[in-house]
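Residues per chain, in single letters:
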Amino acid sequence: MFGSMFFFLNLLLLGASSDGSSFGNRDVDDSSSLGHPKADVGKLGLSSPVKMSVIHQTAAVVGIGANWGSQASHLLPPNTVVRMLRENGIQRVKLFDADYDSLRALGRTGIEVMVGIPNDMLSHLAGRSKAAEKWVSENVTRHLNSNVNIRYVAVGNEPFLATYNGTFLRTTYPALRNIQNALVKANHGNQVKVTVPLNADVYTSPDGLPSNGDFRADIHPYMLQIVQLLNENGAPFTINIYPFISLYIDDNFPVEYAFFDGNSTPVVDGSTSYYNMFDANHDTLAWALQKNGFQNLPIIVGEIGWPTDGDRNANLLYAQRFYQGFMSHLSGGRGTPMRPGPINAYLFSLIDEDEKSIDPGNFERHWGIFRYDGQPKYSLNLGTSNSGNLVPARNVSYLDQRWCIMKSNARPEDPQVAPSVSYACARADCTSLGYQTSCGGLDAQGNISYAFNSYYQKNNQLDEACKFNGLGTITRADPSIENCRFNIMIKPYFSGVGRISGCFEKTLAMVLWISIFLLTNL
């Protein structure tokens, strides 16, 4: 990690260059054993939101959903998020765990909930039916009794990714079976259905045509086990589709094919022409299911979205265009050529998460249609509110209007700069720095200041978090430039079960230590 970090630092100190040679200009090694965690079947088919043209829909989208993640240093209070969901007419939410506070806030709202079981729990649940029963009791039954409208349990999250090298192949189905049996035993079998959110790399087509789609040969038997169980229990197949990733990993991918404007050269499959990747990818799955005897199995789109920073194609213009096109695509209720009718989909994602792994790419922390503070990034008509636009989070509490920047008399070539920036970026978020990103135009001092401020804000503006060997200083003048935002962090919240959001634990520990010291020395 730190080897690549120092390479990043050299580029930061030089500032962004116009030829794209600075940090963020991607060179993807397709031969890498790591690949990309969200790789699709590639050939298939600021303080206020940016104002862009809004496509007004002729029909409301029924039951649009959103993914609500929690990999952030400073989380909005669950009640704030739930109110935001309701005011935006988002009727379904997908969680990646079964967080108590989130589920409690969703009680009595009528919002349909998909709770998640992380991959690292699959082995435990696969080997012990009693463990599955206990999980269902604590994370489903308890909340159903509190009027939380739980409809699905997601067993694992993309467990068959090729990049996992088979880690979860032998535990996913047994865990799925045990959770299903536990739901039935608890008399939830009719209301709550199991599913396994899978990446689009579980199926493929040798020539790129949807009609030749089938499950990957190396996982074919495992896929049939899962699909059979879903079919027997009236449960859906959940798939994650990301046109952005296909564009990210393949410089030759046709850009227009990622969107819904109908401007791309179509992929012609017999008598069917596909003008966008989503339809082609979705129907490749439909053909794979039909080929294996499950043509009527319901399909849920578990994740679909477009990031807004961290890559040259991850920007506000493309994200707004993609989402609005997708919403218009859904609003007509046409579905896809293989599956006409309404599509059940969850947007990915609701809110930016600044602690997501950036191994896949710097864009990973910028998938939200809302910023970290619940403010909309751009105009978007979900077809669910009277305003025809996104409704921001209300009553958000921010830290003071203070920023940490590099001292004006400090020099970028100072030998303390590189380790200081390395320390800040390794522990905070510098993914908006780089070629054609939102802060890609900063000079060396601007890059350094951005890194310092990111660390300072993440640590709740502690004075000690702006020292940096004497290089940092606190200012009340906003250093943001055009679209490059130097954020002010939101205040951490205290959960009902003892969790403290953000780095506030450190602050609390320091206060506690000082209190003990004073008490023992007075």
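These figures come from a predicted structure and were not determined experimentally.

(A) A look at the side chain of Gln180. Its place among the elements puts Gln180 in helix H6 (residues 169-185). Residue class for Gln180 comes out buried when judged on its relative accessible area of 5%. A polar contact is formed between the side chain of Gln180 and the side chain of Asn233, at a distance of 2.9 Å.

(B) Quick peek at the packing of aromatic side chains. With the rule as written, the count across this model stands at 30 aromatic pairs. Judged by centre distance (5.4 Å) and plane angle (85°), the ring pair of Tyr164 and Phe168 falls under edge-to-face. What makes Tyr164 partly exposed here is its relative accessible area of 30%. On the basis of relative accessible area, Phe168 is assigned to the buried category, the value being 16%.

(C) Layout of the nonpolar core. Membership of the largest hydrophobic core comes to 137 residues, with the highest contact counts inside it found for Leu106, Trp135, Val153, Ile179 and Phe237. With residues up to four places along the chain from it excluded, the contact list for Ile179 reads Ile117, Leu125, Ala132, Trp135, Val136, Val153, Val155 and Val194. Core analysis: the next-biggest nonpolar cluster, separate from the first, contains five residues, Met114, Tyr152, Ile300 and Tyr346 among them.

(D) Main features of the packing of helix H11 (residues 417-427) against helix H12 (residues 444-458). H12 packs onto H11 with a crossing angle of 45° between their chain directions and a minimal axis gap of 8 Å. Judged by the angle between their axes, H11 and H12 are oblique. At the point where H11 passes H12, the crossing takes the left-handed sense. Two secondary-structure elements touch here, H11 through Val417, Ser420, Val421, Tyr423, Ala424, Cys425 and Arg427 and H12 through Ile448, Ala451, Phe452, Tyr455 and Lys458. Among the residues forming the contact of H11 with H12, the class breakdown is nine nonpolar, one polar and two charged.

About the cut-offs
Residues numbered from 1 in each chain as written. Predicted model: local features only at pLDDT ≥ 70, side-chain atom pairs only at ≥ 80, totals over all residues. Heavy atoms only, no water. Helix = DSSP H or I, 4+ residues; strand = E, 2+ residues; numbered from the N terminus. Buried < 20%, exposed > 50% of the residue type's maximum accessible area, 1.4 Å probe, protein only. Polar contact = N/O pair within 3.5 Å; in protein donor to acceptor, adjacent residues only side chain to side chain. Phe/Tyr/Trp six-rings, centres within 6.5 Å; stacked < 30°, edge-to-face > 60°. Core = buried A, V, L, I, M, F, W, Y, C linked by side-chain atoms within 4.5 Å. Contact = heavy atoms within 4.5 Å. Axes fitted to C-alpha atoms, helices over the stretch in contact; angles between N-to-C directions. Parallel < 35°, antiparallel > 145°, perpendicular 65-115°, else oblique. Left-handed = near helix turned anticlockwise from the far one by under 90°. Nonpolar A, V, L, I, M, F, W, Y, C, P; charged D, E, K, R; others polar.

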